[in-house]
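The primary structure of each chain is shown beneath.
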Amino acid sequence: MDDFLTVIALIISLNAVVCLYRAAIGPTAQDRLLGVNIVGTKTLVVVILVTFIQAEGFFLDVAIVYTLLLFVVTVALSRYLEAEGWEEM
Amino acid sequence: MVQDIVAGAFCCVGTFFFLVGTTGLIRMPDVFSRLHPSTKCDTLGACSLIVGMAVYSGWSWELLKLIIIACFVLLSSATCGHAIGRSALRGDIKCWRRKNGVEDGHGT
Amino acid sequence: MGGGYAFSRRLLLCIILFAFWIALTATLALYDLVLGAVCSAFVAVLTVALLGRALDPRITPMVLLRLPWFLLRLIWEIIKANYDVAKIILHPRLPIDPEIVEYRTYLPGDLPRTVFSDSITLTPGTVTVELEEDLLKIHCLCPYHQEGLAGLERMVAWLFGVKRHG
């Protein structure tokens, strides 16, 4: 089962790299933000998988904090972009 | 043994939806359309992987924490999608439209 | 707003916080339980002192009881949505015709509207991009995706016990 979970974690990590491609080329700032947000979700899942591969319960607390941090970062950045748009108008 | 198989099936479904979400993120034409794969496929992918891990861990305290994480993911991805969409709308990004006359709605 | 009502709101907040504490500490030892009870009571009192109210007045025990059933229905909708969107994404010709539609909701107050817009975001082919008073701007992937909105609105109205009038 551990090998299986490791393979899943690797596939998701490769997925995250592909999402970084969108974050790199994205024509607008919102595209980049979306790409980074998705990479964050994938990282969260990889952290949860690592919890069960290593059988270390405390990684789950890391995952909870990571979710909250990701949420705050995305909302704060999109509010920032919104405010910038207003200034230009 | 049965537990492992069910957990593995959930993990496979989750990985499939992650792959679909990534494909959508690359293929879709504009920000608003890209919000769909990111808010739906990624949420379901993450949630079904979390459910798979919950089945794998069985009855333990980890289960409660996993449920909390799943609720956070559901709430935060919807709100993040909303926030990004709103900033795109206020940033005057035009919504991509199909050229009229070429396709009639549903496609085949 | 009477004193007994305010106290019961604080008690409800305290119970929710205490359940969260137990889930996070992951033990049932007496020391942790007592510490958790003290902490959640302290935070409940502090919340009232800072925000002027304990919980949004629309969160009642009835809503909390209806929440699991609502979540189950929502998860079923999410699974259908994902099947639909996955089919569209993997289709070789990408059969989408996106447009932004406006939708006027009869749900009152901030909380039901927020729950409604979050539910819209999680269900087939629709993403809420703007919410102002009772006007929602919704980005639809295909025109036929708008049909599910009214049913979803009824579901949220049922959750909060809102009756439609007018």
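Predicted model, so just to flag it, every value in this text is computed and none were measured.

**Student:** Go over the interface of chain B and chain C with me, naming the residues and quoting the values.
**Tutor:** At the interface, 34 residues of chain B touch 33 residues of chain C. By residue number, the principal contributor to the side of chain B that touches chain C is helix H3 (residues 61–90) of chain B, which donates 11 residues. When grouped by side-chain class, the residues that make up the side of chain B that touches chain C number 14 nonpolar, 13 polar and 7 charged.

**Student:** Tell me about the sheet that holds strand E1 (residues 99–104) of chain C, residues and numbers included.
**Tutor:** Strands sit in the order E1-E3-E2 (chain C) across an open sheet of 3 strands; the sheet is antiparallel. What marks the edges here is a single partner per strand, and that holds for E1 and strand E2 (126–132) of chain C. Pairwise comparison of adjacent strand axes, ignoring direction, gives a mean angle of 25° for this sheet. In this structure, E2 of chain C lies alongside strand E3 (residues 135–140) of chain C, joined through 6 bridges in antiparallel fashion. Bridge pairing links Val-127 of chain C to His-139 of chain C in E3 of chain C. This element, helix H2 (residues 31–57) of chain B, spans E2 and E3 of chain C of the sheet and lies at about 115° to E2 of chain C. Relative to E2 of chain C, helix H4 (residues 110–122) of chain C is tilted by about 155°, and along the sheet it contacts E2 and E3 of chain C.

**Student:** Summarise the interface of chain A and chain B; cite the residues concerned and give the values.
**Tutor:** With 38 residues of chain A at the contact, the number on the chain B side is 39 residues. Elements represented by at least two residues in the side of chain A that touches chain B include exactly helix H1 (2–25), helix H2 (29–54) and helix H3 (59–88) of chain A. With 14 residues, the top contributor of residues to the side of chain A that touches chain B is H3 of chain A. Here the side of chain A that touches chain B is composed, by residue class, of 22 nonpolar, 11 polar and 5 charged.

**Student:** Tell me about the domain arrangement of chain C, residues and numbers included.
**Tutor:** Domain boundaries assigned for chain C yield domain 1 (3–51) and domain 2 (61–160). Placing a centre on the C-alpha atoms of domain 1 of chain C and another on those of domain 2 of chain C gives a separation of 33 Å.

**Student:** So what about the nonpolar core? Which residues, and what values?
**Tutor:** Ranked by internal contacts, the top residues of the largest apolar core, which has 76 residues, are Val-45 and Leu-49 of chain A together with Ile-50 of chain B. Per-element tally for this core: the top contributor is H2 of chain B, with 12 residues. Excluding residues within four positions of it along the chain, Leu-49 of chain A makes contact with Leu-5, Ile-8 and Ala-9 of chain A.

**Student:** Hey, could you go over the confidence of the model for chain C for me, with residue numbers and the actual values?
**Tutor:** Residues and elements named next belong to chain C. Mean pLDDT over chain C: 83, with 96% of residues reaching 70 or higher. The least confident element of chain C is helix H1 (residues 3–25), whose mean pLDDT is 83; the most confident is helix H2 (residues 30–51), at 88. Overall fold confidence (pTM) sits at 0.84, and the ipTM for the predicted complex is 0.84.

**Student:** Which residues make up the packing of H1 of chain A against H2 of chain A, and what values do they have?
**Tutor:** Residue and element names in this part refer to chain A. Relative orientation of the contacting elements H1 and H2 amounts to 170°, with a least axis distance of 9 Å. As judged from the angle between their axes, H1 and H2 are roughly antiparallel. Considering only residue class, the contact of H1 with H2 consists of 17 nonpolar, 5 polar and 5 charged.

Parameters and conventions
- Residues numbered from 1 in each chain as written.
- Chains lettered and ligands numbered in written order.
- Predicted model: local features only at pLDDT ≥ 70, side-chain atom pairs only at ≥ 80, totals over all residues.
- Contact = placed C-beta atoms within 7 Å.
- Helix = DSSP H or I, 4+ residues; strand = E, 2+ residues; numbered from the N terminus.
- Nonpolar A, V, L, I, M, F, W, Y, C, P; charged D, E, K, R; others polar.
- Pairing = 2+ DSSP bridges.
- Axes fitted to C-alpha atoms, helices over the stretch in contact; angles between N-to-C directions.
- Domains from an automatic or database assignment.
- Core = buried A, V, L, I, M, F, W, Y, C linked by C-beta atoms within 7 Å.
- Buried ≥ 20, exposed ≤ 12 C-beta atoms within 10 Å, placed from the backbone.
- pLDDT = per-residue confidence, 0-100.
- Parallel < 35°, antiparallel > 145°, perpendicular 65-115°, else oblique.

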